[in-house]
Amino acid sequence: DTGVSQDPRHKITKRGQNVTFRCDPISEHNRLYWYRQTLGQGPEFLTYFQNEAQLEKSRLLSDRFSAERPKGSFSTLEIQRTEQGDSAMYLCASSLAPGGRGVEQFFGPGTRLTVL
Amino acid sequence: LAKTTQPISMDSYEGQEVNITCSHNNIATNDYITWYQQFPSQGPRFIIQGYKTKVTNEVASLFIPADRKSSTLSLPRVSLSDTAVYYCLVGDINPGANNLFFGTGTRLTVIP
């Protein structure tokens, strides 16, 4: 399967714990995106990478959140000192850098985080 | 100011054509219009993208008037499996918060 994969699919943690999610993009895609989605809302952009460089971070990405993409392949999103408000679906997407047209993103299945 | 405005929800009977309109009065010259579909507990899936006039693929058609201030996603002969949330995005080729705004989308319910 050559789609975007995310691990784990579900994570339950206690408030104050740290969690880390992984995203494996489509292999030839050089852009990788992280989103957060809460119930009834659309995905909210968090950050994106082009290759290994993190080029933009949303104001939603507090200092408890950190994302990495070493070697421009898979990416990790870590949340430190989780809070109940962090409970959400965390989505990863990947795309090719565009060649003069809009960008189609391919999304993974998401990681559902529940903070107790 | 929201970049796009869509109806919150729509209902349709199976077999009918469904048209979902998105308003984007402040669309910029370099902006494209992209529609995604999302089923519960899944990531969004790209449906169609256009810049002007009409675009058609095997899944849907996208109609964009000359002023580009709105666009209409047309789903022919919907089935129960088309029940989903549909998002309209407007943005240029550069990623980032400004161009990747999903909003709340339109929840389409197909009725038998």
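Preceding this section is the structure that the text describes.
Residues numbered from 1 in each chain as written. Chains lettered and ligands numbered in written order. Predicted model: local features only at pLDDT ≥ 70, side-chain atom pairs only at ≥ 80, totals over all residues. Heavy atoms only, no water.

1. Quick word on the packing of aromatic side chains
Part 1 of the argument: Counting across every chain of the model gives 13 aromatic pairs over all chains.
Part 2 of the argument: Between Tyr 33 of chain A and Tyr 48 of chain A, the aromatic rings sit 5.9 Å apart at their centres with planes inclined by 25°, giving stacked as the arrangement. You can see Tyr 33 of chain A sitting in strand β4 (residues 31-37) and its partner Tyr 48 of chain A sitting in strand β5 (residues 44-50), a full 15 residues away along the chain.
Part 3 of the argument: For Tyr 48 of chain A, a relative accessible area of 7% gives the class buried.
Part 4 of the argument: Three or more aromatic residues link up through ring pairs in this structure, and these residues are Tyr 33, Tyr 35, Phe 45, Tyr 48 and Phe 107 of chain A together with Tyr 36, Phe 46, Tyr 87 and Phe 102 of chain B.
Part 5 of the argument: Looking at Arg 22 of chain A, its charged tip hangs above the ring of Phe 74 of chain A, at a distance of 3.9 Å from the centre. (Phe/Tyr/Trp six-rings, centres within 6.5 Å; stacked < 30°, edge-to-face > 60°. Helix = DSSP H or I, 4+ residues; strand = E, 2+ residues; numbered from the N terminus. Buried < 20%, exposed > 50% of the residue type's maximum accessible area, 1.4 Å probe, protein only. Lys NZ or Arg CZ within 6 Å of the ring centre and 35° of its normal.)

2. Concerning the interface of chain B and chain A
Many analyses report the size of an interface as the accessible area lost when the parts associate.
Part 1 of the argument: Residue-level contacts link 18 residues of chain B with 25 residues of chain A.
Part 2 of the argument: When chain B packs against chain A, close to 1,800 Å² is buried across both sides, 55% of that on carbon and sulfur atoms.
Part 3 of the argument: Looking only at chain B, the three residues that lose the most surface to chain A are Ile 93, Pro 95 and Leu 100 of chain B, adding up to 27% of its buried area.
Part 4 of the argument: Taken together, chain B and chain A are joined by 0 salt bridges.
Part 5 of the argument: Run the count over chain B and chain A and you get 4 residue pairs in polar contact (both at pLDDT 80 or more).
Part 6 of the argument: Looking at the side of chain B that touches chain A, the elements with two or more residues in it are β3 (32-38) and β4 (45-50) of chain B.
Part 7 of the argument: Top contributing element to the side of chain B that touches chain A by residue count: β3 of chain B, with 3 residues.
Part 8 of the argument: Split into classes, the residues belonging to the side of chain B that touches chain A amount to 10 nonpolar, 8 polar and no charged. (Contact = heavy atoms within 4.5 Å. Buried area = accessible area lost by both parts, 1.4 Å probe. Salt bridge = Lys/Arg side-chain N within 4 Å of Asp/Glu carboxyl O. Polar contact = N/O pair within 3.5 Å; in protein donor to acceptor, adjacent residues only side chain to side chain. Nonpolar A, V, L, I, M, F, W, Y, C, P; charged D, E, K, R; others polar.)

3. Points about the sheet that holds strand β6 (residues 61-64) of chain B
Residue and element names in this part refer to chain B.
Part 1 of the argument: Here we have 4 strands laid out as an open sheet, ordered β2-β7-β6-β5, and antiparallel in their pairing. Two strands close off the open sheet at either side, each with one partner strand: β2 (18-23) and β5 (53-56). With strand direction ignored, the average angle separating the axes of adjacent strands in the sheet is 15°. (Pairing = 2+ DSSP bridges. Axes fitted to C-alpha atoms, helices over the stretch in contact; angles between N-to-C directions.)

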